[in-house]
Every structure is written in C-alpha cells, then in structure tokens.
Amino acid sequence: MKSSLDSSIKYIKTDILVIGAGGAGIRAAIEAKKSGLKVILLGKEVLGCAHTGMAMGGINAAMVKPATPEFHAQITIEGGYFINNYKMVKIFGEEMPARIRDLENYGVIYDRLDSGEFYTWAGPKQKYPLNVCVGDYTGREMMQGLVDEARKLKIKYTDEFFVSKLLMDKDQVVGAIGINIKNTETVVFQAKSVILASGGAGRMYKVTTNAMSNTGDGYAMALDAGAELIDMEMVQFHPTGMANTPSSLGVLVTEKTRSHGGILRNIKGERFMSKYYPVEMELAKRDEVSRSIYQEVAAGLGTKNNSVYLHVDHWTKEKILEIIPDVYEQYKNTGIDISKEPMEIYPSMHHMMGGINIDEWGVSNVPGLFAAGEVTGGIHGANRLGGNSIAEGQVFGRRAGIAAAKFSKKIKNISLPKDQIKNEQTRIFSFINRKKGVIPHVVEDKLKQVMWDKVGIFRDEKRLLEAKKAVSKLKQEAKKMKTRTTLKERNRDLQDCLEIENMLITAESVIEAAILRKESRGAHSRLDFPETLDEWRKNIVVKSIAGKIKTEIIEVIV
Amino acid sequence: MSSPRRRGSRLKLHFMKIKFLIYRYNSLKKSKFKYDSFEVPYNKGMTVLDVILYIYKHLDPTLAFRYECRQGICGTCGVMLNKKPVLSCSTQIDSTIETQMIEPLANFLVEKDLIVNLEPVLKRYQEIKPYLDKIHKVIITKKKSNESRAFRKCIECANCIAGVPELEKTLKGCIDPMSLVKIARYVTDPRDGLDRKSIAKKGGIDKYSEELGKKLSLVCPRGIPIDEAIKLLKQ
C-alpha cells in the first residue's frame, strides 16, 4: 500500500499563498492580486461555501449618522471588556465604511430605505445602529460578492485542498504542504509569503454554529511555525442556537431576531432576562445572554430539549419574512412554523475571539507569515460584538494582502526544507499506512464532549484541569488514529485525522489560557473567580516551545 | 445494541429502519456504477444528511459526499433524493417510504459517489461574466434593491441544473438555469453596464418554456422565482 502515495509530490511556486477562502482570505487575495504578484488561494471547500457565508444578521460600519467610526471603535472596546488591541480597533472603525463600499463594488446590495440610505439596525451596545445587512443572509451575499470579484480578477483558486503544515526556512515561512482532498496527492507550495485566513475551531465543541471546516487548522499550524496566539481562552457562545432537533443542533438564529423584538421566555412563560439584565433585557451582550439562558435551564426552567423559548410569534408573518426569512426557513425545514409557535434555542459555540497575534497590518511574529479573520486575535478582546466578525475580515484581510505583497517583493531566494516535507508526508500517510489503530471520529466525539462539558460557558479550575488531562490523553490516542479505508479518492477519515490533531492543539491552547486567567471577563466566566479584576486587564499569549504549550501574560496593546 | 425493554409502540419507532439505495461510482478508478443498499435507523426529524453521516460513520467509511453548514446556506450538499434535487442538510426524510434512493445531482459528471464534478458547469458559468461589470454610479433605493433581491439569493447549489431532465434533451447546448439566474441578477442591478440579455439570447433562453420556468422555481431551495428570471430575460 505504500507505493506511489508516499513518493510523488507536486511542487507549485507562487509569490503569495492565501490559506482559507472565507471572507478574510478572499479579501486578502483580491488585494494581493492587485500588486501584480502571483497569488494562489486555497480552500478546504468548494469556492463560496466557507463559514463566512453563514453569518446572518449584519456587518458593522459607521455608515449612517449619528454613528461614527469612533463610536464603532468605542463600543468594540467596551464590548471586549478593555483587553482588545486598541490600535487595531481604531483602524477597524475608521476603515470599515470604505470596506462596505468595496463590497458594494463587488456586487453586494445592502438593504435600503426608500431614500437610498442604508437600512441599519442596532445590536447589543449599539446606541447608534451600526449593522448594515442583506436580510438575514448578509454573510452569504457578501461571500457571493467576494467570489464574483475573485472570478472577475481571475484569482487562481484550488478547491478542496487541505493544508497541513507551514514550511520553514530557518525562522521564515516559505510555503506550505498539504493534500488534495479529491485524490490525496501531496502538493508543496513554495511561497514568498503566506496569509493564513483559515477561520475558527467550532467543530471541537459538541454544539456549534460553525461550518464543519472550522477545525482550528490555522491555530495549530501557526503555533507549529513559532507564531504567538493571543486571547485563546475567549470562546464566544452565541445565545441562540437551534435546539429543537438533533440534526440542526446549534445552528445559528441571528441576533437580528432579538434586536427586532424577539422575546426570550422560560418553560413557565417568564421573560427571564428581567432577572439578569433588567435594562438591556434580550439585548444584553452575547456572553451575558448566554449565561442567563444557561442558568435558566440549569435551574430546571428549560424545555424537555434543555432549551428556552425565543418568540417572534407576536410579529406579523410579513415582518418575519422581511426581517428573518432564513430563520423562518430553517425552522420550517424542521417542522416548526415560527409565526405560530416559539423557537427552542440554547447557546452554541460561535466564535474564537483569540488567535494569531497580529499587528494592524496582519503581520505575525514569524517572518513571511501574515494572518486575517477569525484565525487572528486582538480585535475583539474578551467578547465580540455581533456584526464585527465578517467586518474584521474585510479590514485586516485587505491589510494583510497589502503587507504580504510588500514583503514578497523584497524576497529573493528561498529554499524549501526537504526534511520537513519528508517528515510531514510521513505523518500524513502514517494514518493510512499503520496496520491498526483508533477510529478517528471516536477521538473527535470525545474531544467535543470534553470541551462542551468542561470548557464551556461557565468554567472552574477543577473542570479545566480535568479537561487538560483528558485532552492530553486524547492527544496520545490521536497519534494512533487509523483511517478505516486506504482509498486515495476522498478519504474523509484521513482529513478527519489531520483535523482532529489540529482541534486537539487548539483545545489545549484554550484550556491552558483559561486555567491561567483567574478572573471572569467577557466570555471567560470562572465560577471560582467570579470578579473582573483590574490587575487582569491583560492578555494571555500562547506559544509552542519544543512542542510544549507555554503561556505568558502581556500588557494590553494600546 | 442494548436489549429492548421499552413499551411496544416506542420500541417500534425506535427500531424502525429505512432502506437506502446509495449511488456508488469512482471516476478516478473508472469503476462501474452501482447502488449499495444500507439500512438506517429512523429518528423523527432526521435529514438526508443525517442518513449520509450515519452510513459514513457506522456502515461504510468509503462513502464520498460534501457538506459544510447544516444551515441550508452554503449550497454544497445537494443530492437527488428519490430522483428530486434537494439540499441534504435541510430536507427531512419521509418515513412512510420504505425504500429510498440517494444519488448525486443529475446532469453532472460524477466524481465519486454523491460528489459531482462542478468544473464543466463553473467553466461555462465564467463565460457569462458572473460579476458586476462596467459599473455605473447609481444610488440604490429600497425599490431598486428589491428588483434584484430574489435573484441575489442564489447560493450556486446547482439544484436547478439537476432539476431539469430537459437539459440533456430539448435544451442540449443551452445556457443552464443557474447562469440564467445570475444574468437576471445583473440585469436587475442598475449599476451593471453589460448587455447581458444578448448573452441569454445567444444561450437559447427562448427554448425555456413558461412551464419549465415554473418547475424550476419549485426546485430552487432558496425559493428564487426562476420563471420570472426567464420571463425577464426573454423580453
């Protein structure tokens, strides 16, 4: 069975390699392409199907007065509990309006008023509305615009390709290696710079809003390349994930629902948010609403599906179909008419606030490595405001594209590390070649349960330490994973093996940082340290030294 | 499986199995296509994707299929369920049908099992210039934005292409319905400056009948009125 699988390697040269074809990755590729350099865009999925397309409610930008870029920046910092990267946040607020215009030029048409003014709505903390939107499928239309623009510019895209490792020449990133999912062919990309835009890690949790591709590949590869991660303990749980059937467990119900008058009630019909946040009610911040729902259900006030109700059945059907047409469809597909009965919802793992520690140009601490989007950290601090995620990818995707092009132009000679290529190929194919071993999805299911039970909405030292132990054990098990087929064509088990290893490293980073932060702040709620402490207005950096995860506390970047 | 101790009626529901015939083919090995039969335990609310995942996880790890979002929005999980194109993540199984069939999208070359080769279709798609071009500066009002709104909902799942057997017969060589929707999307966008209707004319839009348009509208999982796109482009 060894034969051709191990030996043949295809080599491709480019100036800039973009890994990940969601909002941030495509935006980076568009900008990089303008430099005239060679750009290759890689995605695990068919072009256009990345997780960005699942964003529903909107995208934040100061498009309509009285909102201003300063206001946008200010609430982003407040929403992030003051540990955001202030420098990045300032630029973010300032540049978002121009990025909204870019997207319009790529084809996106945002919802309008009769006058031609943008239709905007207010999410949590938005005294002045910032969310521009396209129905409740803003992310999908945005993806379509980006894909259309990429087609217009004839950006070279490789579908369904899995990058498994960044390649280093001494301390510099000089490319990446991976496999074509269609036929397991090994391909090495030699690149003068690499932009990582590989998204989040939702799949390591049992319940998530995320697409199946979000397996923390970028965090794991960046750590391996010597990059620093920041704020990894900050994991956002969206308050409203679908909870009425196992098939759609965790699927997102947009915040736009609550912001337009959706009401949360427990099994007794009580509008329970009045107990927890009597002023903000349903529009408290995401971490706050998620904790409230958790507590209601924990107190036995949930439905038989361990969920609470979200009502829009007091709206007219016209309003429902105009404001949240996709939410209506999502429930209709499971046999629920939300114009007549309430939705069952429960918090669902939604977003990694943390990630690669970049500066305002998407530059990491590793030469040649740039990053943008959810795989990065800093912009959101301890809690992300709704509408800031797909927004952030546009600002820093563009910036990473510019910076990577500038860097690439200066690079003359690079050489590929033969030993790394050989070792990585051996690692990849060991999952196929070994005689017997553990079934990959068995490891994955255990990890999902551990993360959901012990590294969730509420945390404490005891459970975090248990999680640490469990994950460390799973890492050992994962080394023995074995694909159930040796087939080369579409070996999903092989992709699972590689993704599971990445999820385990990401999980470890989250757990280590969560153990270290002995306070509660934003999405990180410690039952044993419930107070938010001034002395903890700091960031935690995670890095990998000789294969071991190390943490460090640093000052907030202002 | 644990020994059944529950009451009769629940027991029956719990252990009800549905037989699924799954299309199998491997283009890289040029294998002969066949149908494999799998028995899958039925749960209320189960989707086509649940069936596929159950088979992959418990019965056959070589099964090839695509999925991403589980939300009906990424457009990657289209298959034929009992000869009709559906998004597998948003379509529940009808438990009254004893034997059911899951196949790759019709009118496509099959790459492997339930995965189709999108390349030829996307190559043709590129020819219609599927992007905003020769941009005019126009202020878009609610009214203007509503004109293209329905067509902008396309997620390129290609279910429409799979939904017309005519595509292989009377419409052979004609432009496909996914492209028509994209053209309609830009024709109704006041900013676009290309003569797109002539692309549709050249592509044989006149061969699309009104009934076919209506049929296509019913196939679209995003509820796009493809019949209106056809009407518009024929004008």
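As the structure is a prediction and not an experimental result, all values here were calculated from the model.

Undergrad: Describe the overall build of chain A, with residues and values.
TA: Along the backbone of chain A there are 16 helices and 21 strands. For a compact globule of 558 residues, the expected C-alpha radius of gyration is about 24 Å, and chain A comes in at 22 Å, within 12% of that figure. Considering only C-alpha atoms, chain A reaches an extent of 65 × 50 × 50 Å along its principal axes. Here chain A, with 558 residues, has 62% of them falling under the buried criterion. In chain A, the share of contacts with a sequence separation of at least 24, taken over all contacts with a separation of at least 6, comes to 74%.

Undergrad: Can you lay out the confidence of the model for chain A for me, pointing to particular residues and giving the numbers?
TA: Summary statistics for chain A give a mean pLDDT of 97 and a share of 99% for residues scoring 70 or more. Contacts from residues 1-5 of chain A, a stretch scored under 50 in pLDDT, to residues over four places away or in other chains number six contacts.

Undergrad: Now, about the sheet that holds strand 20 (residues 538-545) of chain A: what can you tell me, with residues and values included?
TA: Residue and element names in this part refer to chain A. Spatial strand order, 17-15-10-20-21: five strands in an open sheet with mixed pairing. Each end of this open sheet is capped by a strand with a single partner; those strands are strand 17 (376-377) and strand 21 (548-555). Sheet topology places strand 15 (residues 355-357) next to strand 17; two bridges connect them, and they run parallel. Across the sheet, the residue bridging to N357 is G377, located in strand 17. Contacts between helix 16 (residues 492-516) and the sheet are confined to strand 10 (229-230), strand 20 and strand 21, with strand 21 contributing the most and set at about 45° to the helix.

Undergrad: If you had to explain the interface of chain B and chain A to someone new, which residues and values would you point to?
TA: With 41 residues of chain B at the interface, the matching set in chain A holds 47 residues. Secondary-structure elements contributing two or more residues to the side of chain B that touches chain A are helix 2 (48-59), strand 6 (109-112) and helix 4 (142-149) of chain B. Partitioned by chemical class, the residues of the side of chain B that touches chain A number 18 nonpolar, 14 polar and nine charged.

Undergrad: Residue-level account of the nonpolar core, with values.
TA: Residue and element names in this part refer to chain A. By size, the foremost hydrophobic cluster in this structure holds 237 residues, and its most contacted members are V18, V194, I195 and A371. For this core, the leading source of residues is helix 16, giving 12 residues. Ignoring any residue separated from it by four or fewer positions in sequence, one finds A371 in contact with I195, L196, A197, I356, I358, G362, S364, T376 and A400.

Undergrad: Quick rundown of the domain arrangement of chain B? Include the residues and the values.
TA: Residue and element names in this part refer to chain B. Domain annotation for chain B reports domain 1 (8-116) and domain 2 (119-234). Domain 1 puts 14 residues into the contact, and the matching count from domain 2 is 14 residues. Counting residues per element, the ones that place at least two in the side of domain 1 that touches domain 2 are strand 3 (78-81) and strand 4 (84-87). Its residues placed into classes, the side of domain 1 that touches domain 2 shows nine nonpolar, five polar and no charged.

Undergrad: With reference to specific residues and values, describe the domain arrangement of chain A.
TA: Residue and element names in this part refer to chain A. Splitting chain A by domain gives domain 1 (10-234 + 351-410), domain 2 (238-349) and domain 3 (418-555). A C-alpha centroid distance of 30 Å is found between domain 2 and domain 3. With five residues of domain 2 at the interface, the matching set in domain 3 holds five residues. Broken down by element, the side of domain 2 that touches domain 3 gets its largest block of residues, four residues, from helix 9 (residues 286-298).

Undergrad: Talk me through the packing of helix 6 (residues 177-187) of chain B against helix 9 (residues 226-234) of chain B; I want residue IDs and the actual numbers.
TA: Residues and elements named next belong to chain B. Look at helix 6 against helix 9: their axes get within 9 Å of each other, and the N-to-C directions meet at 65°. Taken together, the axis directions place helix 6 and helix 9 in an arrangement best described as roughly perpendicular. Two packed elements cross with a definite hand, and for helix 6 against helix 9 that hand is left-handed. Contacts from P177, L180, V181, I183, A184 and V187 in helix 6 reach I226, A229, I230, L232 and L233 in helix 9. For the contact of helix 6 with helix 9, the per-class residue count stands at 11 nonpolar, no polar and no charged.

Undergrad: Go over unusual backbone geometry, please, and point to the residues and values.
TA: The residue after K65 of chain A, namely P66 of chain A, is reached through a cis peptide bond having omega 5°. Along the chain, P66 of chain A turns up in the loop between strand 3 (59-60) and helix 3 (69-79). Although it is not a glycine, K83 of chain B sits at a positive phi angle of roughly 75°. For K83 of chain B, the location among the structural elements is in the loop between strand 3 and strand 4.

Undergrad: Break down the sheet that holds strand 1 (residues 17-24) of chain B for me, citing the residues and quoting the values.
TA: Residue and element names in this part refer to chain B. The five strands are arranged 2-1-5-3-4 in an open sheet whose pairing can be described as mixed. The strands lining the two open edges of the sheet, one partner per strand, are strand 2 (34-41) and strand 4. When the angles between neighbouring strand axes are averaged without regard to direction, this sheet yields 35°. Bridge count for strand 3 against strand 5 (residues 99-103) is two bridges, and the pairing is antiparallel. For L81, the partnering residue across the bridge sits in strand 5 and is I102. In this fold helix 2 packs onto strand 1, strand 2, strand 3, strand 4 and strand 5, with an angle of close to 95° to the strand it touches most, strand 2.

Thresholds applied
- Residues numbered from 1 in each chain as written.
- Chains lettered and ligands numbered in written order.
- Predicted model: local features only at pLDDT ≥ 70, side-chain atom pairs only at ≥ 80, totals over all residues.
- Helix = DSSP H or I, 4+ residues; strand = E, 2+ residues; numbered from the N terminus.
- Rg over C-alpha atoms; globule rule 2.2 N^0.38 Å.
- Buried ≥ 20, exposed ≤ 12 C-beta atoms within 10 Å, placed from the backbone.
- Contact = placed C-beta atoms within 7 Å.
- pLDDT = per-residue confidence, 0-100.
- Pairing = 2+ DSSP bridges.
- Axes fitted to C-alpha atoms, helices over the stretch in contact; angles between N-to-C directions.
- Nonpolar A, V, L, I, M, F, W, Y, C, P; charged D, E, K, R; others polar.
- Core = buried A, V, L, I, M, F, W, Y, C linked by C-beta atoms within 7 Å.
- Domains from an automatic or database assignment.
- Parallel < 35°, antiparallel > 145°, perpendicular 65-115°, else oblique.
- Left-handed = near helix turned anticlockwise from the far one by under 90°.

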